[in-house]
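Structural features, examined
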Amino acid sequence: MTKWQRMSEAERQIMDIIWASDRPLTTSEIIRRLPEEKAWKQNTVITFLARLSEKGIVSAERIGKAHHYKPSVNEQEYVRLETKQFVRDVHKGSVFGLVSALCDNGDLTKDDIESLMKRLKEE
């Protein structure tokens, strides 16, 4: 992925399907794996896949009459990039600001804090 670009919520739903697969998927396979409430037409899914390809998140290989889509970035890599961007945008690059906000909101459990402390001691 050369230049990081954020995924839309719809693109993320498609990537979740692709990431969950152990092999490249065709458009038809992706459509079949969408939740029932996502009755997107084939052209809609193709548009999302084209956007994901432009962003460098997915790549396609034509085999016979169908394109087979596979991730160019794994889910963990994407989450890391998304988190870094969030910290930059919302917390002005301060990881301490992020952790402080989580503490102030009461979002961290005692177990979370203990795990964080253990992780920080490892670094």
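Residues numbered from 1 in each chain as written. Predicted model: local features only at pLDDT ≥ 70, side-chain atom pairs only at ≥ 80, totals over all residues. Heavy atoms only, no water.

The following threshold applies: UniProt positions are given in the numbering used here, feature names are shortened, and annotations may be inferred rather than shown by experiment.
Where an unreviewed UniProt entry is consulted, the protein appears under the name CopY family transcriptional regulator, with the organism given as Paenibacillus flagellatus. Within the UniProt record for the protein, the comment given under Sequence similarities (unreviewed entry) is "Belongs to the BlaI transcriptional regulatory family."

Examining a nonpolar patch on the surface
Stated precisely, the cut-off is as follows: Surface patches are defined over residues having more than 30% relative accessible area and no salt bridge, joining like charges when they lie within 9 Å and nonpolar side chains (Val, Leu, Ile, Met, Phe, Trp, Tyr) when within 5 Å. Computed by Shrake-Rupley with a 1.4 Å probe, the accessible areas treat only the displayed protein chains as cover when residues are assessed. Salt bridges are identified by distance alone: a Lys or Arg side-chain nitrogen within 4 Å of an Asp or Glu carboxyl oxygen. Note on conventions: DSSP H or I runs of at least 4 residues are helices, E runs of at least 2 residues are strands, and numbering of each starts at the N terminus.
Taken together, Ile113, Leu116, Met117 and Leu120 make up a surface patch of nonpolar side chains, about 360 Å² in accessible area. Residue placement: Leu120 occurs in helix α6 (residues 110-122).

Points about the pattern of salt bridges
Scanning all chains against the criterion turns up five salt bridges. Of the charged contacts, one joins Arg12 and Asp16 as a salt bridge, the two residues approaching to 3.0 Å between their closest N and O atoms. Within this pair, Arg12 and its partner Asp16 are both found in helix α1 (residues 9-20), separated by four residues, close to a single helical turn. Between Glu29 and Arg23 there is a salt bridge whose closest N-O contact spans 2.7 Å.

Considerations on the nonpolar core
So the rule is basically this: Side-chain atoms within 4.5 Å link the members of a nonpolar core, which is a set of buried Ala, Val, Leu, Ile, Met, Phe, Trp, Tyr and Cys residues. Remark: exposure states derive from per-residue accessible area (1.4 Å probe, protein chains only) relative to the maximum for the residue type, with buried under 20%, exposed over 50%, and partly exposed in between. We call two residues contacting when some pair of their heavy atoms lies within 4.5 Å.
In terms of nonpolar packing, the biggest core is built from 20 residues, with Ile14, Met15, Ile18 and Ile30 touching the most fellow members. Broken down by secondary-structure element, the contributors of at least two residues to this core are α1 and α3 (42-54). Per-element tally for this core: the top contributor is α1, with six residues. Excluding residues within four positions of it along the chain, Ile14 makes contact with Ile30, Trp40, Val45, Phe48, Leu49 and Leu52.

Details of helix α4 (residues 75-91)
To keep it simple, the criterion reads: Each residue after the first adds 1.5 Å to the expected span of a helix. As used in this structure description, the phrase polar contact means that two N or O atoms lie within 3.5 Å; if the pair is within protein, one of them must be able to donate a hydrogen and the other to accept it, and residues adjacent in sequence are counted only when both atoms belong to side chains.
Between the first and last C-alpha of α4 there are 23 Å, a value that for 17 residues agrees with the 24 Å anticipated at 1.5 Å per step. Along α4, the residues that are buried comprise Tyr78, Glu82, Gln85, Val87 and His91. Two or three places before Gln76, at the start of α4, stands the capping residue Asn74, its side-chain oxygen 3.0 Å from that residue's backbone nitrogen. Phi for Lys92, located one or two positions after α4, is positive at around 50°.

Side note on the sheet that holds strand β1 (residues 25-26)
Threshold: DSSP calls a pair of strands paired once it identifies at least 2 bridges connecting them.
Taken together, three strands build an open sheet; the order of strands is β1-β3-β2 and the sheet is antiparallel. Since the sheet does not close on itself, it has two edges, and those belong to β1 and β2 (58-63), each with one partner. Bridge count for β2 against strand β3 (residues 66-71) is six bridges, and the pairing is antiparallel. In the sheet register, Ile63 faces β3, and the bridge partner there is Ala66.

Here we look at the confidence of the model for the protein
Note that predicted coordinates carrying low pLDDT should not be read in detail. Rules: Every residue carries a pLDDT, the predictor's confidence in it, which falls somewhere between 0 and 100.
Of the residues in the protein, 97% reach a pLDDT of 70 or more, and the chain-wide mean stands at 91. Per-element confidence in the protein ranges from a low mean pLDDT of 88 for helix α5 (residues 95-104) to a high of 98 for β1.

Comments concerning the domain arrangement of the protein
When the parts of a complex come together, some accessible area is lost, and that lost area is often used as the size of the interface. To keep it simple, the criterion reads: Where each domain starts and ends comes from a domain assignment, either automatic or drawn from a database.
Domain parsing of the protein yields domain 1 (9-71) and domain 2 (75-122). The C-alpha-based centres of domain 1 and domain 2 are spaced at 30 Å.

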